[in-house]
Amino acid sequence: MEKTNEGEANLVRLRASIDANPDDPSHHFNLGLFLWERGVEKKEVKEEAMEHFLISAKLNPHNGAAFRFLGHYYSRVSVDTQRALKCYQRAVTLIPDDSESGEAICDMLDEEGKETLEVAVCQEASEKSPRAFWAFRRLGYLQLHQKKWSEAVQSFQHAIRGYVTCADLWEALGLAYQRLGMFTAAIKSYGRTVELEASRTFALVESGNILLMLGSFKKGVEQFRLALEVSPQNMSALYGLASGLLSLSKEYINLGAFSYGASVLEEASEVARTSTCLAGNIACLWKLHGDVQLTYAKCFPWTWDEGLEISEQAFKNSILSWKRSRCSAAISAAHSYQRALHLAPWQPNIYTDLAIASDLVCSLNESPKNGQSAWQLLPEKMCLGGLLLDGEDYEYWVALACLSHHTALKQHALIRALQLDASLAVAWAFLGKLYKEEGEKQLAMQAFDRARSIDPMLALPWAGMSADSHARDIALDEAYESCLRAVQILPLAEFQIGLGKLALFSGHSSSSQVFGAIKQAVQRGPHYPESHNLHGLICEARSDYQSAASAYRLARCLVTSSSGSVAKSHLRDLSFNLARSYCKAGNALEAVKECEDLKKEGLLDTHCLQIYALSLCQLGKKELALSVTRTLASTISSMEGSLRATSTTFICRLLYYISGAELAITSILKMPKELFQSSKISFVVSAIDALDQKNHLDSIASFSRNFLSSQKEITQMHFLRALGKLIKYGSGHSLGLRSGVEHLKKALHMFPNSNLLRNLLGYLFLSSGGWTDAHTASRCCNSKEYDIPPCSNEEENGGLKSASEVIGATSVACYAIGNKNPIFSFPTCGYHSLYEPVTIRHLQKWLHAEPWNTNARYLIILNLLQKAREEKFPRHLSVTAERLIPSALSDRFYSDRDVSWQYQKSQLLLCGAELSLQCGDHIGCINQAKNASLLSLPNGYLFYAHLMLCRAYAAENNLRKLQEEYVRCLDLRSDCHVGWMCLKFIESRYQLRCDSNSLLELSIEECFKEGSSWNMWMAVFNLVQGLISLWDEDFLDAEEFFSQACSLAGSESCLFLCHGNNRYN
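None of these values were measured; they are calculated from a predicted model. (Residues numbered from 1 in each chain as written. Predicted model: local features only at pLDDT ≥ 70, side-chain atom pairs only at ≥ 80, totals over all residues. Heavy atoms only, no water.)

Caption draft 1: Main features of the overall build of the protein. Summing up its helical and strand segments, the protein has 56 helices and 0 strands in all. By the burial criterion, 49% of the 1065 residues in the protein qualify as buried. Across the protein, the fraction of contacts at a sequence separation of at least 24, relative to all contacts at a separation of at least 6, is 56%. (Helix = DSSP H or I, 4+ residues; strand = E, 2+ residues; numbered from the N terminus. Buried < 20%, exposed > 50% of the residue type's maximum accessible area, 1.4 Å probe, protein only. Contact = heavy atoms within 4.5 Å.)

Caption draft 2: Molecular detail of a nonpolar patch on the surface. The grouping of Leu-476, Leu-504 and Phe-505 at the surface amounts to a nonpolar patch, some 300 Å² of accessible area in total. By secondary structure assignment, the location of Phe-505 is in helix 27 (residues 493-506). Taking the relative accessible area as the measure of exposure, Phe-505 reaches 65% and is therefore exposed. (Patch = residues over 30% accessible without salt bridge, like charges linked within 9 Å, V, L, I, M, F, W, Y side chains within 5 Å. Areas by Shrake-Rupley, 256 points an atom, 1.4 Å probe, with all protein chains shown as cover. Salt bridge = Lys/Arg side-chain N within 4 Å of Asp/Glu carboxyl O.)

Caption draft 3: Looking closely at helix 12 (residues 201-214). With 14 residues, helix 12 extends 20 Å between its outermost C-alpha atoms, agreeing within 8% with the 20 Å of an ideal straight helix rising 1.5 Å per residue. For helix 12, a buried count of 10 out of 14 residues is recorded, marking the element as mostly surrounded by other parts of the structure. Positive phi shows up at Gly-215, right after helix 12, with a value of about 90°. (Expected span 1.5 Å × (residues − 1).)

Caption draft 4: Structural detail: the pattern of salt bridges. For the structure on display, the rule yields 28 salt bridges. The partner of Glu-267 in a salt bridge is Arg-225, with the nearest N and O atoms 2.7 Å apart. Here Arg-225 lies in helix 13 (residues 217-230) and Glu-267 lies in helix 15 (residues 258-278), a separation of 42 residues in the sequence. The partly exposed category is assigned to Glu-267, whose relative accessible area is 31%. Assessed through its relative accessible area of 34%, Arg-225 is described here as partly exposed. Ionic pairing is found between Arg-556 and Glu-594, a salt bridge with its closest N-O pair at 2.7 Å. On the criterion of sequence distance, the pair formed by Arg-556 in helix 30 (residues 545-561) and Glu-594 in helix 32 (residues 588-601) is long-range, its members being 38 residues apart. What makes Arg-556 partly exposed here is its relative accessible area of 23%. Given the relative accessible area of 8%, Glu-594 is considered buried.

Caption draft 5: How the structure looks around the nonpolar core. Judged by nonpolar contacts, the single largest core of 156 residues is most densely connected at Trp-302 and Phe-315. It is helix 17 (residues 312-343) that contributes the most residues to this core, 11 residues altogether. Excluding residues that lie within four positions of it along the chain, Phe-315 makes contacts with Trp-302, Trp-304, Pro-526, His-532, Leu-554, Cys-557 and Leu-558. If you look at the next biggest cluster of nonpolar residues, it comprises 41 residues, including Leu-11, Ala-104, Val-121 and Ala-125. (Core = buried A, V, L, I, M, F, W, Y, C linked by side-chain atoms within 4.5 Å.)

Caption draft 6: Expanded view of the packing of aromatic side chains. Under the counting rule described, the total for this entry stands at 14 aromatic pairs. Between Tyr-296 and Phe-300, the aromatic rings sit 5.4 Å apart at their centres with planes inclined by 40°, giving tilted as the arrangement. For the pair Tyr-296 and Phe-300, a shared accessibility class is recorded, and that class is buried. The interplanar angle of 50° and the centroid separation of 4.8 Å between the aromatic rings of Tyr-903 and Tyr-941 together place this pair among those described as tilted. In this pair, Tyr-903 is assigned in helix 48 (residues 899-918) and Tyr-941 in helix 50 (residues 939-956), connecting sequence segments 38 residues apart. (Phe/Tyr/Trp six-rings, centres within 6.5 Å; stacked < 30°, edge-to-face > 60°.)

Caption draft 7: Structural view of the environment of Phe-202. Among the secondary structure elements, Phe-202 is positioned in helix 12. Along the sequence, Phe-202 and Asn-234 sit 32 residues apart, while their C-alpha atoms lie 9.9 Å from each other. Residues contacting Phe-202, with those up to four places away along its chain left out, are Glu-171, Leu-175 and Tyr-190.

Caption draft 8: Structural context of the side chain of Arg-68. In this structure, Arg-68 sits in helix 4 (residues 64-76). If we ignore the near neighbours within four places in the chain, the residues touching Arg-68 are Tyr-88, Ala-91, Asp-98, Glu-100 and Ser-101.

Caption draft 9: Summary view of helix 4. Between its first and last C-alpha atoms helix 4 spans 18 Å; for 13 residues at 1.5 Å apiece the expected length is 18 Å, and the two agree. Of all 13 residues that make up helix 4, 11 are buried, and the element is covered over most of its length. Those residues of helix 4 that are buried lie in contact with helix 2 (25-38), helix 3 (43-59), helix 5 (81-94) and helix 6 (99-111). Structurally, the start of helix 4 carries an N-cap: the backbone nitrogen of Ala-65 is 3.3 Å from a side-chain oxygen of Asn-63. (Polar contact = N/O pair within 3.5 Å; in protein donor to acceptor, adjacent residues only side chain to side chain.)

Caption draft 10: View of the packing of helix 47 (residues 875-889) against helix 48. In contact at an axis separation of 10 Å, helix 47 and helix 48 are set at 150° when each is read in the N-to-C sense. Taken together, helix 47 and helix 48 sit at an angle that is classed as roughly antiparallel. For the pair helix 47 and helix 48, the sense of crossing is left-handed. Mapping the contact onto sequence places Ser-878, Ala-881, Glu-882, Ile-885, Ala-888 and Leu-889 in helix 47 and Lys-905, Leu-908, Leu-909, Cys-911, Gly-912 and Leu-915 in helix 48. Classifying every residue of the contact of helix 47 with helix 48 gives 8 nonpolar, 2 polar and 2 charged. (Axes fitted to C-alpha atoms, helices over the stretch in contact; angles between N-to-C directions. Parallel < 35°, antiparallel > 145°, perpendicular 65-115°, else oblique. Left-handed = near helix turned anticlockwise from the far one by under 90°. Nonpolar A, V, L, I, M, F, W, Y, C, P; charged D, E, K, R; others polar.)

Caption draft 11: Looking closely at unusual backbone geometry. For Phe-873, which is not glycine, the phi dihedral falls at a positive 55°. As for its position among the elements, Phe-873 is in the loop between helix 46 (854-870) and helix 47. Look at Asn-957: it is not a glycine, yet its phi comes out positive at around 65°. Tracing the chain through its elements places Asn-957 in the loop between helix 50 and helix 51 (959-972).

Caption draft 12: Main features of the state of the cysteines. Per the counting criterion, the structure on display carries 0 disulfides. Cys-950 forms no disulfide, and the closest cysteine sulfur to it belongs to Cys-969, at a distance of 4.1 Å. (Disulfide = S-S within 2.5 Å.)

Caption draft 13: Here's a closer look at the confidence of the model for the protein. Looking at the protein, the pLDDT average stands at 82 and 86% of residues meet or exceed 70. For the protein, the element scoring lowest by mean pLDDT is helix 43 (residues 794-797), at 44; helix 12 scores highest, at 95. Under a pLDDT of 50 for its full length, residues 783-797 has, in the predicted model, 35 contacts with residues more than four places off or in other chains. Low confidence marks residues 822-827, where pLDDT is under 50. Its contacts with residues over four positions away, or in another chain, come to 6 contacts. (pLDDT = per-residue confidence, 0-100.)

Caption draft 14: Main features of the environment of Asp-605. Along the chain, Asp-605 turns up in the loop between helix 32 and helix 33 (606-618). Note: C-alpha distance between Asp-605 and Phe-576 (29 residues apart in sequence) is 9.4 Å. Engagement of the side chain of Asp-605 in a polar contact is seen with the backbone nitrogen of Cys-608, the distance being 3.0 Å.

Caption draft 15: Up close: the side chain of Ser-482. Examined against the element boundaries, Ser-482 turns out to sit in helix 26 (residues 476-489). On the accessibility criterion, Ser-482 (4% relative accessible area) is buried.

Caption draft 16: Quick look at the packing of helix 27 against helix 29 (residues 529-541). At a closest axis distance of 10 Å, the pairing of helix 27 and helix 29 adopts a crossing angle of 40°. Taken together, the axis directions place helix 27 and helix 29 in an arrangement best described as oblique. Of the two possible hands of crossing, helix 27 and helix 29 adopt the one that is left-handed. On helix 29, the residues touching Ile-497, Gly-500, Lys-501 and Leu-504 of helix 27 are Glu-530, Ser-531, Leu-534, Leu-537 and Ile-538. Here the residues of the contact of helix 27 with helix 29 are counted per class, giving 5 nonpolar, 2 polar and 2 charged.

Structure representation (structure tokens):
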């Protein structure tokens, strides 16, 4: 009631204002607007409002709002289209930003089909005002309809400024970007659309399609899943999801993840089947289902639980089950292609797909004994059907060549394909394969070379090149690389088996790439005995003998269960491989059983006899082993050269192991001299001669060395002879280092570039403990500032220590403290700073190349501690070393009870204790030193743990504990001079005493007598005593000690410095 009264009052007021000023257009407009809004359903009121709008427009022709409402009246009330268009046109002309008038005129023009006028109106408004967002939006839609993609993008970009939250605009912009090929921008626009309105199925589907096109299959699949959550029966989303899953599975298959790829294909098959149920009359859906099933049939892997006991029946059943699963999928693919062909018989590519599926069914089915089955006749017929529809497409001719069983037809089809496209690499590759099968090697090589030059990413030409290695006269390494390239491009089981065979001959059998390829070959071709046999050989090369034995047993199951005749040589080879793997795995009993089975079959050849004898020896049946060895020896005269040398070598080694050196030497002396004309036997005889103090085999060893052919063999022999001299010319528990060093020096004059000899010489210098031998060792490894590769090469692998280990050890073997800047300070060692700047850098490269190498990390820590000691323990070096020590100690090798690992652990603990002591952490130092003292090591090593405890307790001023550890050090004793020097300093500084005051001096003198460089060490000891006297201000005693030191080692300038300083005082 109150609103009605208020409205009447407003109406009266508006009328009164018009009566008072009838020529004011605003009064007429306000009254018309009031009446228009009041008379929603009353035509009379709207007519009155129209009259006032008309008067307002006449009085003020520039009032666009009046023309807008006139347009509303003519379009909605009086239905006068022409007048409405003119009024709206006038309103838009006056106010371009008027979206209401603009949308209304565009709607009317659209209803009348006047698209050109509609575009003109929008362009005029957009040109007049940059804020005419309605015009840009409408114009963008029109340009999108007219497929003017670039213009539409610009229009939508302007329109979005006014309608930021309009999902339609973002979606249309994404479509325009997509049509222009700007896929990244399109994905962003579609993403914004989904953010504004999550139920936008079109945006989700198109985003998925773009992502599939870009190869982002996983992200594309996610978009299709979101679309199906909004619309579960959307055919585009279902088709896109199945396609995405198919592409994703192929990606996994190319990476070797066959099981995961098969699981993805199973989901894709379900999605494709659902889409065919919803729309069974669409050919592309049936074709997609066929593609999924065909891919599944090709990639479905065979799996075998290695934990199960191997039985021939179970293994055969697993192979049959694998074949049935693949065959069922192939038949399902063929049926889907047939359904697609019924719906679209004019599409030739479906004929080819059906031919491929039918051919796969034929290969998986057992062939009938009489005649051909329907499946066998179908592939060629389907290929010909596709060619009838499109005989000018080279792909269908290549398909016919691949699926035909007639050589002439294959050649004709490939030549026809090359007539259509002479640069067709696939046709050249298959033509090369055809010529190779027919024995035309020269034509095959030419075809493969042409294919490889046209398309280097084609696998078959690379595989053909490796298969023709004998005809091409190329090296085995090159053939291996070619086959590896083929496997990387296309991981077919046949290519992978070929790669495994080449790897065995070229020395790449332990490669991880070969191992992965053979594992895949077993999954893809479990019905090939070669795949299991090669799997066993590769596992054996990687020292996985249990897996190797399992693989050999599976291969033998396949051979014995095959329907055709089996050559006895195949069974013998597999049984021999199995026996060898058992023997290497330590299962000598099973190895003996295999050999005895071969003996019963009369298949026990020379190689088997060696395994048989070795296995019997491992079982402790030495008499039987000797009996088998005699049998082997009786056949040596009839053997060929390499086999004879191998057998002779084996017999000598086994005799030495079973009967000892004396009987082995006696047997060797009785052997004919012509047996020693081989490098293999030369090494064995030289090794036995090195262990014989009486030199019985010296003449035979010298004779056999004349047959060393290569430089590598000669350097290896010098290496072995140097080791022999260490043993022969040693005394007691010490080795004859000087004899070994002299021999290596002579050998290096002949072979100066041999890293094997250089590394051994450096290691021997390092082990001798001489005063300057450590510096000589560093020069042995390399004379160009360690310009050597961080990783050990093949020659170094046979040595005792690598160059990197010798280098790392020499830098910490010097007893003198170096100088960070020797130019401005007095150097204590003329050699120490020679290589120090590059040592740590070289060790870091080594660790980077071999991050698993425990020795590399250990040597880096020692060198960092040495560098920190030289520079008085700066913070950054101490922190770096402290961070490395715990990670090094966590290595599993340090839990081993072996002395070498326990020694390294002790050194790491003492390094940590030293760093803690220098940082003032006395408790940490004591704890780590105590842990080092508890290790199972000889007393000479434990001495240093207790010496560290002495230093820690001295820092704490705990004299009682210091005295206990001092006495403990005297009890343990050490054969290293530096340890005694340190203990002498501690004894003097803290006035320590034991029951026998001269015990320390006696121990030091005894240590000096046992070691080398007696004069130098006695000079150092006199220097230490002189320094102690100097600290006690006993200058006369100090003068005597310094004089003795200078007389013993006059070449050391630091001794004269101390002597001169004492005289000055």
